[in-house]
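What follows is the residue order along each chain.
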Amino acid sequence: MTERDRALTPLNAVSASIEQLETYRTPQELAESLQAIGQAVERSLRQLLRADTKSPDELRLIALSSDDLPADRLVSALRDSNVISPRLATLAIGLQQAVERAASNTVRAADADLARETIELLRSDVVPPAPVVPVEHAAYAGPGARPPSHTPPPPAPRPPLVTPSFEDDTDAPPHAVKPTKSRRGALIPLALIAGLALATWLVFRVLFSPPDPMASGIEAFEQRRWGIAEQNFRTAIGEDEGDATARLYLARVLRAQGRTKEAGEVLNQARKQSPKDADIMRELGHVFMDLKQSKGAVSAYRQAQELEPSNAANWVGLVRALRAAGDPSAAEVLRSAPAEARATLGTQ
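In this text the structure is predicted, and so the values were computed from the model without any measurement.

**With respect to the overall build of the chain**
- Of regular secondary structure, the chain possesses 18 helices and zero strands.
- Taking the contacts inside the chain whose residues are at least 6 apart along the sequence as the reference set, 54% of them involve residues at least 24 apart.
- As displayed, the chain offers around 22500 Å² of accessible surface, 56% of which is attributable to carbon and sulfur atoms.

What follows is the structure, given as structure tokens:
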């Protein structure tokens, strides 16, 4: 048994709870199953991180500690190292939320479906199915018969040559000729079939295409579901390393969770990709303010204000940073600010 195989041990230990996903009769029974499965899935993921030699040592050392490595950071670490798939990461975050609902007795029937899919995908990610090897079948006459040979079969005998007849058949009686079908009439059914196939493909594409991680991330961000939002934005970045907007949103999510230094690192990458983005510079100013680095905040807000002078938020951030830095020019900047910014800062 490999280290990755051992990661499924916690999951195998709750087989009764997994079966109860199909047989539960009350919400309480479902809640109990979800809580047991959620804990088992988390332990399996922690075992995966501990066993992954490509992950940083500082993460592997604390992989089994929920205090040092919370569940959301655990999932992010596994995803960053490509230990689990983006889909499994999203499902794992969703299962965490289902467990939280179970603890507050607000389970949903869909939570059982979510748990089943998470378990199935986790097992598939840990132990992928063996590839199917094509086997050449041949009939044997018995135990002593020779194995099939790869010698190609002898060529089929040629048909006998037919000597054309040159007898005069001009006196042969005329015969009726069957009219040929119109080619246009034959093409009409083919066109209908092709059109139907195209329509079916389009419907399938719309209904079953994977969700856009950026759109899903923004939706989760607006709902303050930080774990799901983070995972979706990281997936978007993985699909497009040059997506500065995804990095901007990821930084906002990290800052909302108090992970300010991580947010700053993400924003520095976004700034390199899009140096003239006022939103990125303003968010960087927020990070500097959270870190009590007012001079850095002044520089970031000033660049945002120069890039987008009509945005009152840039002026508000700049004046606040100047005040925090003890810069006397704050009053002069306030007088030059738009009315909306003056109204916001006038009483502060």
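Back to the write-up after that little detour.
**A closer look at the packing of helix α10 (residues 213-222) against helix α12 (residues 244-256)**
- Closest axis-to-axis distance for the α10/α12 pair is 11 Å, and the angle between their directions is 25°. With respect to each other, α10 and α12 are oriented roughly parallel. Between α10 and α12 the crossing geometry is left-handed. Contacts between α10 and α12 involve M214, I218 and F221 on the former and, on the latter, T245, A246, Y249, R252 and V253.
- Of the residues in the contact of α10 with α12, the class split is six nonpolar, one polar and one charged.

**Focus on the nonpolar core**
- In terms of nonpolar packing, the biggest core is built from 64 residues, with L45, L48, I84 and L122 touching the most fellow members.
- Per-element tally for this core: the top contributor is helix α4 (residues 27-51), with nine residues.

**Looking at the side chain of S17**
- On the secondary structure map, S17 appears in helix α3 (residues 15-23).
- Of the residues examined, S17 reaches a relative accessible area of 18% and is grouped as buried.

**Examining unusual backbone geometry**
- Located in the positive-phi region is N82, a residue other than glycine, with phi close to 60°.
- Along the chain, N82 turns up in the loop between α6 (71-80) and α7 (86-103).
- Look at N82 and you get exposed, because its relative accessible area is 58%.
- Even without being a glycine, R224 presents a positive backbone phi close to 60°.
- Look at R224 and you get exposed, because its relative accessible area is 61%.

**Notes on the pattern of salt bridges**
- Applying the stated criterion to the full structure yields 15 salt bridges.
- Of the charged contacts, one joins E22 and R116 as a salt bridge, the two residues approaching to 3.5 Å between their closest N and O atoms. Of the two residues, E22 sits in helix α3 while R116 sits in helix α8 (residues 109-126), which places them 94 residues apart along the sequence.
- E29 is the salt-bridge partner of R25, the closest N and O atoms lying 3.7 Å from each other.
- The network of salt bridges with shared partners includes D80, E230, R234, R259 and E262.

**Let's talk about the packing of aromatic side chains**
- A full pass over the atoms with the stated rule returns three aromatic pairs.
- For the pair F221 and Y249, a centre-to-centre distance of 5.5 Å together with 85° between the ring planes defines the contact as edge-to-face. Of this pair, F221 sits in helix α10 while Y249 sits in helix α12, and the two are 28 residues apart along the sequence.
- Looking at Y249, the relative accessible area reads 19%, which means it is buried.

**Focus: the side chain of R282**
- Relative to the helices and strands, R282 is located in helix α14 (residues 278-290).
- Within the local environment of R282, its side chain forms a polar contact with the side chain of D279, the two groups lying 2.7 Å apart.
- When sequence neighbours within four positions are dropped, the list of residues in contact with R282 reads Y301, A304, E308, N311, A313 and N314.

**Focus on the packing of α12 against helix α13 (residues 260-273)**
- Close contact between α12 and α13 brings their axes to 8 Å; oriented N to C, the two are set at 165°. Judged by the inter-axis angle, α12 sits roughly antiparallel to α13. Crossing of α12 over α13 shows left-handed handedness. Contacts between α12 and α13 involve A244, R247, L248, L250, A251, L254 and R255 on the former and, on the latter, E262, A263, V266, L267, Q269, A270 and Q273.
- Residue classes in the contact of α12 with α13 are distributed as nine nonpolar, two polar and three charged.

Basis of the calculations
- Residues numbered from 1 in each chain as written.
- Predicted model: local features only at pLDDT ≥ 70, side-chain atom pairs only at ≥ 80, totals over all residues.
- Heavy atoms only, no water.
- Helix = DSSP H or I, 4+ residues; strand = E, 2+ residues; numbered from the N terminus.
- Contact = heavy atoms within 4.5 Å.
- Areas by Shrake-Rupley, 256 points an atom, 1.4 Å probe, with all protein chains shown as cover.
- Axes fitted to C-alpha atoms, helices over the stretch in contact; angles between N-to-C directions.
- Parallel < 35°, antiparallel > 145°, perpendicular 65-115°, else oblique.
- Left-handed = near helix turned anticlockwise from the far one by under 90°.
- Nonpolar A, V, L, I, M, F, W, Y, C, P; charged D, E, K, R; others polar.
- Core = buried A, V, L, I, M, F, W, Y, C linked by side-chain atoms within 4.5 Å.
- Buried < 20%, exposed > 50% of the residue type's maximum accessible area, 1.4 Å probe, protein only.
- Salt bridge = Lys/Arg side-chain N within 4 Å of Asp/Glu carboxyl O.
- Phe/Tyr/Trp six-rings, centres within 6.5 Å; stacked < 30°, edge-to-face > 60°.
- Polar contact = N/O pair within 3.5 Å; in protein donor to acceptor, adjacent residues only side chain to side chain.

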